Amino acid sequence: MSHEHRDHGPRRVGQVKEVTSLANPIIKDIKALSDKKTREQSGTFMAEGLKLVIDAIELGWTIRTLVYAKAAKGKPLVEQMAAKTVAGGGLVLEVSEKVLSSVTRRDNPQMVVGIFETRWKPLREIHPREGETWIALDRVRDPGNLGTIIRTADAAGASGVILVGESTDPFSLETVRATMGSVFAVPVARATPDEFIAWKKQAGVSVVATHLAGSVDYRTIDYKKKPVVILMGNEQSGLPEHLASQADALARIPQQGRADSLNLAVASAVMLFEARRHLLSLTEAK
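Everything numeric here is computed off the predicted structure, so don't read it as measured data.

**Student:** For the overall build of the chain, give the residues involved together with the corresponding values.
**Tutor:** Regarding its fold elements, the chain presents 11 helices and 12 strands. Relative to its length of 286 residues, the chain is compact, with a C-alpha radius of gyration of 21 Å against a globular reference of 19 Å. Overall size of the chain, expressed as C-alpha extent along the three principal axes, is 60 × 45 × 40 Å. Burial status across the chain gives 49% buried among its 286 residues. Contacts in the chain between residues far apart in sequence, at least 24 positions, make up 81% of those at least 6 positions apart. For the chain, the computed accessible surface area is about 14,200 Å², with 49% contributed by carbon and sulfur atoms. Between the mean site of the 38 positive side-chain charges and the mean site of the 33 negative ones, the chain shows a separation of 2 Å.

Structure below.
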């Protein structure tokens, strides 16, 4: 992506534009965010839906561009988000439904789309404290799995997600959709396997890894002694030996029936809620 694209936001601050053409260069730039390389070069990503846009802005994320369908014009919440976008120096686009469908790659798109600056949590800034739970994912490949895990981590009260190795992008449109907005509430870090291992050695955490060779029932582990990092392996190949060997406990989820494995997102949910069971109660639910 060109340098000019990365800088176009500041040059068009505080503007509201009406766009009806699919050939509009701004629309082309937004559509290009479906490509991971473009997202990384521009430092931006797309979130679809008014609720997600509201959540992101309320949580302090920087919105570069707000796109809404003409049919949403005049709706109080849409107008509020448009005003906040302009006040923050962003661009507001009022577009036809045809343009919105093109941007979101959906026949029946949501009426509002936001373009936000990506935000990664630096691994070196993660210092887990008592009662905190993190989940680390080795080479997670499926956007739906990653999005669901981020949403589950949010629901369980986990402190964040660490992506280890080459993983799918948490800021892809598919992943963001699957998080249902939790991508804005849950810090996400990334690390090479060696960086993760070095961090683990000085972070004062207990790493609990799920592994087919695990001999420990996941329900018998003490999750209270130290901050916990749940370490989950890749969907196809599981956890490699060099990571498994760093775990303080190799756990397994007992199973019956013919299925010999669980979906990664389901297994992650089982582990997260067990690790945080002593911290969760219905009386504190909001």
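This is not the end of the story, as more comes after the structure.
**Student:** Residue-level account of the side chain of S167, with values.
**Tutor:** In this fold, S167 is placed in the loop between β7 (160-164) and α8 (173-179). Residue S167 is classed as buried on the basis of its relative accessible area, which comes to 13%. Contacts of S167, omitting those with residues within four sequence positions, involve K36, L137, R139, V140 and R141.

**Student:** Before we move on, can you summarise unusual backbone geometry with the specific residues and values?
**Tutor:** With phi around 50°, R139 is a residue other than glycine that occupies positive phi space. Among the structural elements, R139 can be located in the loop between β6 (133-138) and α7 (143-156). The partly exposed category is assigned to R139, whose relative accessible area is 23%.

**Student:** Go over the environment of P187, please, and point to the residues and values.
**Tutor:** Tracing the backbone shows P187 in the loop between α8 and β8 (188-191). Discounting residues that sit within four places of it in the chain, P187 has contacts with K121, W134, S159, G160 and V161.

**Student:** Tell me about the layout of surface pockets, residues and numbers included.
**Tutor:** Taken as a whole, the largest pocket encloses approximately 650 Å³ of empty space. If you go around the largest pocket, you meet 24 residues; those closest to its centre are T210, H211, L212, S261 and L262. Mapped by element, the contributors of at least two residues to the lining of the largest pocket are β12 (249-252) and α11 (264-275). Class assignment of the residues belonging to the lining of the largest pocket gives a composition of 9 nonpolar, 11 polar and 4 charged.

**Student:** Explain the packing of aromatic side chains to me, and be specific about the residues and the numbers.
**Tutor:** A complete count under the given rule lists 9 aromatic pairs for this structure. Pairing W61 with F184 gives two aromatic rings, centres 5.1 Å apart and planes at 85°, and the pair type is edge-to-face. One end of the pair, W61, is in the loop between α4 (50-58) and β3 (63-69); the other, F184, is in the loop between α8 and β8, with 123 residues separating them in the sequence. Three or more aromatic residues joined by ring pairs form one cluster here, namely F45, W61, F116, W120, F171 and F184. Positioned above the aromatic ring of W61, the side-chain terminus of R119 is 4.3 Å from the ring centre.

**Student:** How would you sum up the sheet that holds β3? Please name residues and give values.
**Tutor:** Ordered in space as β1-β4-β3-β5-β2, the 5 strands form an open sheet in which the pairing is mixed. At either end of the open sheet lies a strand with only one pairing partner, and these are β1 (15-19) and β2 (44-48). This sheet shows a mean twist of 20° between the axes of neighbouring strands, independent of strand direction. Sheet analysis places β3 next to strand β5 (residues 112-117), joined by 5 bridges and oriented antiparallel. Bridge pairing links Y68 to V112 in β5.

**Student:** Can you break down the sheet that holds strand β11 (residues 228-232) residue by residue, with the values?
**Tutor:** What the 7 strands build is an open sheet, ordered β8-β7-β6-β11-β9-β12-β10; its pairing is parallel. Whereas interior strands pair on both sides, the edge strands pair on one side only; in this sheet they are β8 and β10 (216-217). Summarising the sheet, β10 and β12 pair through 2 bridges and their orientation is parallel. Paired with D217 across the bridge in β12 is R252. Contacting β6, β7, β8, β9 (206-210) and β11, helix α9 (residues 193-203) crosses the sheet at an angle of about 135° to β7.

Parameters and conventions
Residues numbered from 1 in each chain as written. Predicted model: local features only at pLDDT ≥ 70, side-chain atom pairs only at ≥ 80, totals over all residues. Heavy atoms only, no water. Helix = DSSP H or I, 4+ residues; strand = E, 2+ residues; numbered from the N terminus. Rg over C-alpha atoms; globule rule 2.2 N^0.38 Å. Buried < 20%, exposed > 50% of the residue type's maximum accessible area, 1.4 Å probe, protein only. Contact = heavy atoms within 4.5 Å. Areas by Shrake-Rupley, 256 points an atom, 1.4 Å probe, with all protein chains shown as cover. Lys, Arg positive; Asp, Glu negative; His and termini not counted. Charge placed at Lys NZ, Arg CZ, Asp CG, Glu CD. 1 Å grid on protein atoms, 1.4 Å probe; cavity = no way out; pocket = protein on both sides within 12 Å on 5 of 7 lines; lining within 4 Å. Points joined across faces, edges and corners; volume = space filled by probe spheres on them. Nonpolar A, V, L, I, M, F, W, Y, C, P; charged D, E, K, R; others polar. Phe/Tyr/Trp six-rings, centres within 6.5 Å; stacked < 30°, edge-to-face > 60°. Lys NZ or Arg CZ within 6 Å of the ring centre and 35° of its normal. Pairing = 2+ DSSP bridges. Axes fitted to C-alpha atoms, helices over the stretch in contact; angles between N-to-C directions.

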